[in-house]
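# Residue-level structural notes
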Amino acid sequence: MSSTEDRAPPDGSSLAPRQMDASGLCIGCGVCMAQSNGNAAGMRLDRYGQFKPAASRPPPRFAELCPFSPDARNEDDIARGRFASARYFDSRIGRFEAAYVGHVREHSFRTDGSSGGMANWTAVELLEKNLVDGVAHVVPRRGTLGPLFHYRISRTVEDIRAGAKSRYYPVELSGIIEEIRRCPGRYAVVGIPCFIKALHLLCLQDPVLRERLAFTLGLFCGHMKSARFVESIAWQMGERIEAVAGVDFRLKDARRPANWYTAHLVLKDGSTRSKDWWHLADGDWGAGFFQNSACNFCDDVVAETADISFGDAWVEPYASDGRGTNVVVVRSTLLQRLIDGAVDEGRLELQEVDSAFVVQTQAAGFRQRREGLAFRLNRRRHGVMPKKRVAPQRGGLRVRRMIVYWLRSSISAQSHRMFWLARISRLPTVYIRWASTMLTLYQGVTYSRGWIGRLIDHICREEQTGDRGRSSSDDEPGA
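Residues numbered from 1 in each chain as written. Predicted model: local features only at pLDDT ≥ 70, side-chain atom pairs only at ≥ 80, totals over all residues. Heavy atoms only, no water.

## Here's the deal with the packing of aromatic side chains
Any aromatic ring pair is given by two values, namely how distant the centres are and how the planes are angled relative to each other. The line we're drawing: The aromatic pairing rule takes the rings of Phe, Tyr and Trp, using the six-membered ring of Trp, and pairs them if the centres are within 6.5 Å, calling planes under 30 degrees apart stacked, those over 60 edge-to-face and the rest tilted. Helix and strand definitions here come from DSSP, where helices need a minimum of 4 consecutive H or I residues and strands a minimum of 2 consecutive E residues; each element is numbered from the N-terminal end. Partly exposed residues are those whose accessible area sits between 20% and 50% of the maximum for their type, while under 20% is buried and over 50% is exposed, using a 1.4 Å probe and protein chains only. Placement of a positive charge over a ring is assigned whenever Lys NZ or Arg CZ falls within 6 Å of the ring centre and within 35 degrees of the normal to the ring plane.
Within the structure shown, the criterion is met by 22 aromatic pairs. Ring plane angle 20° and centroid distance 4.3 Å describe the contact between Trp235 and Phe419, whose orientation is recorded as stacked. With a gap of 184 residues between them, Trp235 in helix α10 (residues 228-236) and Phe419 in helix α14 (residues 399-425) connect regions that are remote in the sequence. Owing to a relative accessible area of 15%, Trp235 belongs among the buried residues under this scheme. Judged by centre distance (5.4 Å) and plane angle (40°), the ring pair of Phe290 and Tyr431 falls under tilted. Of the two residues, Phe290 is situated in the loop between β12 (272-276) and β13 (308-312) and Tyr431 in helix α15 (residues 428-447); the sequence distance between them amounts to 141 residues. The pair Phe290 / Tyr431 is uniform in exposure class, with both members buried. A cation sits over an aromatic face here: Lys225 above Trp285, 4.7 Å from the ring centre.

## Here's the deal with the sheet that holds strand β7 (residues 149-154)
Here is the rule we go by: In short, DSSP must find at least two bridges between two strands for them to pair. An axis is simply a line fitted to the C-alpha atoms; with a helix, the fit covers only the stretch in contact. Between two such axes, the angle follows the N-to-C directions and lies from 0 to 180 degrees.
Read from one edge to the other, the open sheet built from eight strands follows the order β7-β6-β8-β9-β13-β14-β5-β15, with strand pairing classed as mixed. Unpaired on one side and paired on the other, β7 and β15 (348-353) mark the two borders of the sheet. Pairwise comparison of adjacent strand axes, ignoring direction, gives a mean angle of 25° for this sheet. With five bridges connecting them, strand β8 (residues 187-191) and strand β9 (residues 213-219) associate as parallel partners.

## A few points about the environment of Val101
Along the polypeptide, Val101 turns up in strand β5 (residues 98-104). Considered as a pair, Val101 and Glu349 are 248 residues apart in the sequence and their alpha carbons are 8.3 Å apart.

## Concerning the pattern of salt bridges
For side chains bearing opposite charge, pairing can occur when the charged atoms are close. The condition is simple: Within this document, salt bridges are pairs made up of a side-chain nitrogen of Lys or Arg and a carboxyl oxygen of Asp or Glu, the two lying within 4 Å of each other.
This structure, assessed with the given rule, holds 33 salt bridges. In this structure, Asp21 and Lys52 form a salt bridge, with 3.6 Å as the shortest nitrogen-oxygen distance. Taken as a pair, Asp21 in helix α1 (residues 17-22) and Lys52 in strand β2 (residues 51-53) lie far apart in primary sequence, 31 residues in all. Since its relative accessible area comes to 33%, Asp21 is described here as partly exposed. A residue is classified by how much of its surface remains accessible, and Lys52, at 9% relative accessible area, is buried. For the salt bridge of Glu231 with Arg423, the shortest nitrogen-to-oxygen distance reads 2.8 Å. One end of the pair, Glu231, is in helix α10; the other, Arg423, is in helix α14, with 192 residues separating them in the sequence. Salt bridges linked by common partners bring Glu75, Asp76, Lys197, Asp299, Glu304, Arg370 and Arg389 together as one network.

## Comments concerning empty space enclosed by the protein
How we decide: Using protein atoms alone on a 1 Å grid, points that fit a 1.4 Å probe yet trap it form a cavity, whereas open point sets bounded by protein on both sides within 12 Å along at least five of seven lines form a pocket; residues with an atom within 4 Å of a point count as lining. Grid points are joined across faces, edges and corners, and a volume is the space filled by probe spheres set on the points. Ten residue types, Ala, Val, Leu, Ile, Met, Phe, Trp, Tyr, Cys and Pro, are classed as nonpolar, four, Asp, Glu, Lys and Arg, as charged, and the remainder, Gly among them, as polar.
Here the structure, examined in full by the defined rule, presents six cavities of 30 Å³ or more. Each pocket or cavity is described by its volume, and for the largest cavity that value is around 830 Å³. Residue lining of the largest cavity: 43 residues in total, with Lys165, Ser166, Arg167, Leu219 and Phe220 positioned closest to the centre. Elements with a minimum of two residues in the lining of the largest cavity: α5 (118-128), β6 (134-140), β8 and β13. Tallied by class, the residues present in the lining of the largest cavity amount to 23 nonpolar, 15 polar and five charged.

## Side note on the packing of helix α3 (residues 75-82) against helix α8 (residues 193-203)
The criterion, for reference: Crossing handedness is defined as follows: a turn of the near helix away from the far one that is anticlockwise and smaller than a right angle gives a left-handed crossing, while the clockwise case is right-handed. In what follows, residue pairs with any heavy atoms lying within 4.5 Å of each other are defined as contacts.
Running from N to C, α3 and α8 point in directions that differ by 60°, and their axes come no closer than 11 Å. Remark: the crossing between α3 and α8 carries left-handed chirality. Residues Glu75, Ile78 and Arg82 of α3 form the contact with α8, whose participating residues are Lys197, His200 and Leu201. Split by residue class, the contact of α3 with α8 holds two nonpolar, one polar and three charged.

## Some details on the confidence of the model for the chain
The criterion, for reference: Residue-level confidence of the predictor is summarised by pLDDT, bounded by 0 at the bottom and 100 at the top.
This prediction gives the chain a mean pLDDT of 91; 92% of its residues lie at or above 70. Confidence drops under a pLDDT of 50 for residues 1-12, and excluding neighbours within four residues, the segment shows 18 contacts in the predicted structure. Per-residue pLDDT stays below 50 along residues 465-472; that stretch engages in 13 contacts with residues further than four places along the chain or on separate chains.

## Observations regarding the nonpolar core
Generally speaking, nonpolar side chains in soluble globular proteins are found buried as a group. Spelled out, the test is: Buried Ala, Val, Leu, Ile, Met, Phe, Trp, Tyr and Cys residues form a nonpolar core when they are joined through side-chain atoms within 4.5 Å.
By size, the foremost hydrophobic cluster in this structure holds 93 residues, and its most contacted members are Phe195, Phe249 and Phe289. A total of eight residues in this core trace back to one element, the largest contributor, which is α15. The contacts of Phe249, once residues within four sequence positions are left out, are Phe149, Ser166, Arg167, Tyr168, Tyr169, Phe229, Val230, Ile233, Thr262, Ala263 and Trp277. By size, the runner-up hydrophobic cluster in this structure holds 28 residues, among which are Val157, Ile160, Val190 and Phe310.

Here it is, written out as structure tokens:
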């Protein structure tokens, strides 16, 4: 139970990182520590494998800085200031100049990336066109100590291209923010929606960063995983995390549909292990295993404050194309000209689409971040109360959908505790058996599988047809 000091006063005047953490609203972005006058404590992984600020003293104007603070500007406010003259607006994807679906045609960008190669191509193009001096992005960590991935500023094409692929792993921004402050130049930062929002909130307070942050490249996001997700994958392949040298969360195979994920481990002895996600006890993305609790209170799927955003085209025929296909939302007029020029030159294969198409590709994510968020906001909770663009609502939801949203929240919270218990007891089966049981329950409710599905169908007979149709893609990232 939270103590009185962990609860923010109504005006938010003394809001501190510890209060956001106690309220389950700290995403671990590290921006608050970057604003703490070089505080040496920095960010640390907690026992659940999630980054948290180690210092208890809040930085100046923290309430306006934290991306999940009820006193910070929301995505609409930030985008209105950054893209005031945008051609289009959609309440689900924000302001934008154009949207596209397709892939990179040149070199091996598409092959090397998890999807169509557009995020990595854009970062390289910015460097090659001398529009930036460095790109901050997530790369595998060199050496055997510390987390498996971290943010790095790359200043060569080769280093940027080494950062291709999706990383379902916690990282934080404080180190690269300090480097940008130390080293004059123009920078691009690649990040998930809340990280990009946090950077723009920091720019409002930091004139040096505001001058040097030239572009933000957003990644569509379903939720952030903890570091224990990789450890669980290793356990289920018969290995310990200490033996793992690297991980590819989405091993690409052009012969299989893009949404048939395969986890691939490289061990320190040089051998490899692979396993399809659907054979993992926690491989159903929509169930929410190892999800950061703050993700339950996010309403930005497509990084609405970024200059350009990238996601997977989770609709047919693209979802079945194992080579990978991007959906792209462009908000910067300069980047739109850059992309249109590359299309004319035959370097990119892109077709312009409307906002409805973008939303369709991320349908499960929007259900979770709109309908599901409205349901979660209606539930009574302690601590800091989030202020979102979605109003609390319970009425009108079908019983089955309420159970699905409740299950996701429960699984995401309990998975951290059950894995911690299995870890300290050195009994992986404690977690794996629990996860398998919860997966069966979740898939029974969500997809009408097994005897649980038949029972729920019987209880919710009048809802059966509608929910089956809507739940079909809930196992995709973003669900």
